[in-house]
Structure formats: structure tokens, C-alpha cells
Amino acid sequence: MQFSSFRQTWRHAIAALACLVVSLSSPQDLRAWGKNGHRLIANKAIETLPQNVREFFDTNRSFLLLHVTDPLDVIAKTPAERHNHFIALDKYGRFPFEPLPRDYKSAVTKFGKSRLEANGLLPWQIGVYSKKLTEALKDGKWEEAKLDAAILANYVAEAHDPFNTTDNLDGRLSGQPGVNERFGTMLVDRFSSFFPMRPNDAVFVSDPTDRAFEACLSSHSWLETILMADRNARHGESSFTDEYYDRFYNQAAAILIRQLSDAATDVGSFWLTAWRNAGSPQLPR
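### Side note on the packing of aromatic side chains
1) Next: Tallied over the entire structure, the rule returns 16 aromatic pairs.
2) Next: With a centroid separation of 5.3 Å and an interplanar angle of 75°, the aromatic rings of Trp 124 and Phe 213 are classed as edge-to-face. Highlighted residues: Trp 124 in helix H8 (residues 122-138) and Phe 213 in helix H11 (residues 208-220), separated in sequence by 89 residues. Judged on exposure class, the residue Trp 124 and its partner Phe 213 are both buried.
3) Next: Consider the rings of Tyr 244 and Tyr 245, whose centres lie 4.8 Å apart with planes at 75°: the pair is edge-to-face. You'll find Tyr 244 and Tyr 245 in the same group, each marked buried.

### Focus: the side chain of Asn 168
1) Next: Considering the arrangement of structural elements, one finds Asn 168 in the loop between helix H9 (142-158) and helix H10 (179-191).
2) Next: Asn 168 sits in the buried class, given a relative accessible area of 9%.
3) Next: For Asn 168, the side chain forms a polar contact with the main-chain nitrogen of Leu 173, separated by 2.9 Å.
4) Next: Apart from residues no more than four positions distant in its own chain, Asn 168 is found in contact with Phe 163, Leu 173, Ser 174 and Leu 227.

### Details of the packing of helix H5 (residues 70-77) against H9
When two helices pack together, you describe them by how their axes are tilted relative to each other and by the distance separating the axes.
1) Next: Closest axis-to-axis distance for the H5/H9 pair is 8 Å, and the angle between their directions is 75°. One finds that H5 runs roughly perpendicular with respect to H9. Here Asp 70, Pro 71 and Leu 72 of H5 come into contact with H9, specifically with Leu 147, Ile 151, Asn 154, Tyr 155 and Glu 158.

### Some words on the nonpolar core
1) Next: Among the nonpolar cores identified, the biggest contains 79 residues, and Leu 100, Phe 183, Phe 195, Phe 248 and Trp 271 are the most heavily contacted of them.
2) Next: Not counting residues up to four positions away in its chain, the partners in contact with Phe 195 are Leu 40, Leu 187, Val 188, Tyr 249, Leu 256, Ile 257 and Leu 260.

### Here we look at unusual backbone geometry
With the exception of glycine, the majority of residues adopt a negative phi angle, and the majority of peptide bonds are in the trans configuration.
1) Next: The omega torsion across Phe 95 and Pro 96 is 10°, close enough to zero to call that bond cis.
2) Next: In this fold, Pro 96 is placed in the loop between H5 and helix H6 (104-111).
3) Next: A positive phi angle, close to 55°, is found at Ser 280, a residue other than glycine.
4) Next: With respect to the element layout, Ser 280 can be found in the segment after helix H13 (242-277).

### Thoughts on H8
1) Next: Taking 1.5 Å of rise per residue, the 17 residues of H8 would be expected to cover 24 Å, and the 24 Å separating its terminal C-alpha atoms lies within 8% of that figure.
2) Next: In terms of burial, H8 is largely enclosed, as twelve of its 17 residues are buried.
3) Next: Inspection of H8 places Leu 122, Pro 123, Trp 124, Gln 125, Ile 126, Gly 127, Tyr 129, Ser 130, Leu 133, Thr 134, Ala 136 and Leu 137 among the buried residues, and these make up the whole buried set.
4) Next: The inward-facing, buried residues of H8 contact H6, helix H7 (113-119), H9, H11 and H13.

### With respect to the pattern of salt bridges
1) Next: This model, assessed by the stated rule, comprises twelve salt bridges.
2) Next: Between Glu 214 and Arg 102 there is a salt bridge, and its shortest N-O distance comes to 2.7 Å. Separated by 112 residues along the polypeptide, Glu 214 in helix H11 and Arg 102 in the loop between H5 and H6 bring together distant segments of the chain.
3) Next: In this structure Glu 214 comes out as partly exposed when scored by relative accessible area, which is 35%.
4) Next: Since its relative accessible area comes to 27%, Arg 102 is described here as partly exposed.
5) Next: Three or more residues joined by partner-sharing salt bridges are found here, namely Arg 102, Asp 210 and Glu 214.

Criteria and cut-off values
- Residues numbered from 1 in each chain as written.
- Predicted model: local features only at pLDDT ≥ 70, side-chain atom pairs only at ≥ 80, totals over all residues.
- Heavy atoms only, no water.
- Phe/Tyr/Trp six-rings, centres within 6.5 Å; stacked < 30°, edge-to-face > 60°.
- Helix = DSSP H or I, 4+ residues; strand = E, 2+ residues; numbered from the N terminus.
- Buried < 20%, exposed > 50% of the residue type's maximum accessible area, 1.4 Å probe, protein only.
- Polar contact = N/O pair within 3.5 Å; in protein donor to acceptor, adjacent residues only side chain to side chain.
- Contact = heavy atoms within 4.5 Å.
- Axes fitted to C-alpha atoms, helices over the stretch in contact; angles between N-to-C directions.
- Parallel < 35°, antiparallel > 145°, perpendicular 65-115°, else oblique.
- Core = buried A, V, L, I, M, F, W, Y, C linked by side-chain atoms within 4.5 Å.
- Expected span 1.5 Å × (residues − 1).
- Salt bridge = Lys/Arg side-chain N within 4 Å of Asp/Glu carboxyl O.

Laid out in C-alpha cells, this is it:
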């Protein structure tokens, strides 16, 4: 009985310490989808592809799962990379943020390059890497294509993280520091083995950048619901206990699983699109 009480007290102390570390971190160091989330999305994305394309990605599954997290490592070494992983849509007015042109050159003309970079470049970065993957596949540069596919998967997944679409990316503006980590990393790490993820089949994307913007808009629409779930789960708790995470998961699981599933669908769709735009080359097995 005493041992059980001690263990519970120790567990709560660890949870409180983790919360403190998160709250003291700078916003640039915080991101929602952790490495497990990115690998889960990329792994499921392979299953969305038609058989003639899937074989290439399936053969290189281990490589893709290893390198899909490369951009997260780059952030730690090069802080400027962080700008490629989010877009603070609420810096451009109200939903659906029509003042922001989706064409990059038009957006630069209207707002200036420095402002765009400060507010994040995620949808345009997805467009850039979609083109890079297309060119690598077209030229038969298979090693380069594998790496581009992994990095593209990372960026596409980021567009499905609601906290990568807002100035409240770390929850500090709403008095909920670290909520993005709790939603996109801790819930995934704790409950992913129970996720009933069912991504749809990959489809051709006519405009990768435009599709990236649509994904960001859809993600952004879930923010208030997630923030409310976090507040409700915290009610009566002085730290982030197991009970808190159970309640948070019960209230936010449907959104989390939907975003992860949609991310997998989109990753597969962007891979398929790059292959078709490259002329549907014969892929090595």
C-alpha cells in the first residue's frame, strides 16, 4: 500500500517536471507531431498507394521511416528551418484568411518576404518539395527521390497538426503552455497502439501548394475544440497526471486520429502526384 502510494507520488512528480521543462522551452523548440507520430503517418501512407507505386515505397519503408524525422533534427541545428514547419494563419485576419495569397510571389509582393518568413512558410515548402520529388523521379535519381519523399512526408504531416497553423503554436497565448506537445506527441506516444487509423486511398493532387493550404485550413478549424478539451481535462488537476491524459484522450482522440489518418492520405497523395507529374516512370523494386 505504501509502495503504491509512493509510486503514484513519484509518477506525478515526473509529470510535473516534464510540464515545467515544456513551459520553459522557447516556442521555436516546440512542435506537436513527435518522431513517433511522423513515422506512424509515413508508415500508413505507404498503404494508400496503388500497387505499381507502392512496391517502391514498401521496399524502402525502413529508409522512409528513418529519414521522415530528418527535418526535426535540422530544426535543432538550424533554427531558421522552423519557419518551414508552420504558418500562423491568424496573422492574416480571420478564417478562411482570404487576404493571404496562395501564390508565393503574390504573397511576397503583398506582405514582404520577411513577414512571410516570420509567420511561417509551410504550404509553400510543401510545394517546393513536391517539385523536388517530381524532378528526382523524372530524372531517375532514386536515392535522391527516396530522401525527398521522406522529407516531403514530414512537411505534409505538419500541415495536419493544428498547432502548426496558429500564432498560439505552443498554447501560451491561451494560457495552456505545451498543449501542442501534449496533443500531438504525448497522446500519440501513450495511445497510438490503440489508434483505428483508416486513411483513404491516395489521389492525384492538381495543385500541391493549394492542397497544402486546404490542409492547413482544415487543421486550424480544430484548434478551439482541442484547447477546450485540454482545459476540461486539466480541471481539478494540479499537474499532468495519467488521469489528465486519459480525459484529454477521451475528448480529443477523434480529432487526433482523424488528423493522423488524413495526413497519411495526403502524404500518399503527394507521393503519387509527384510520380504521375514525373511521367509515371518505371520504379525500381
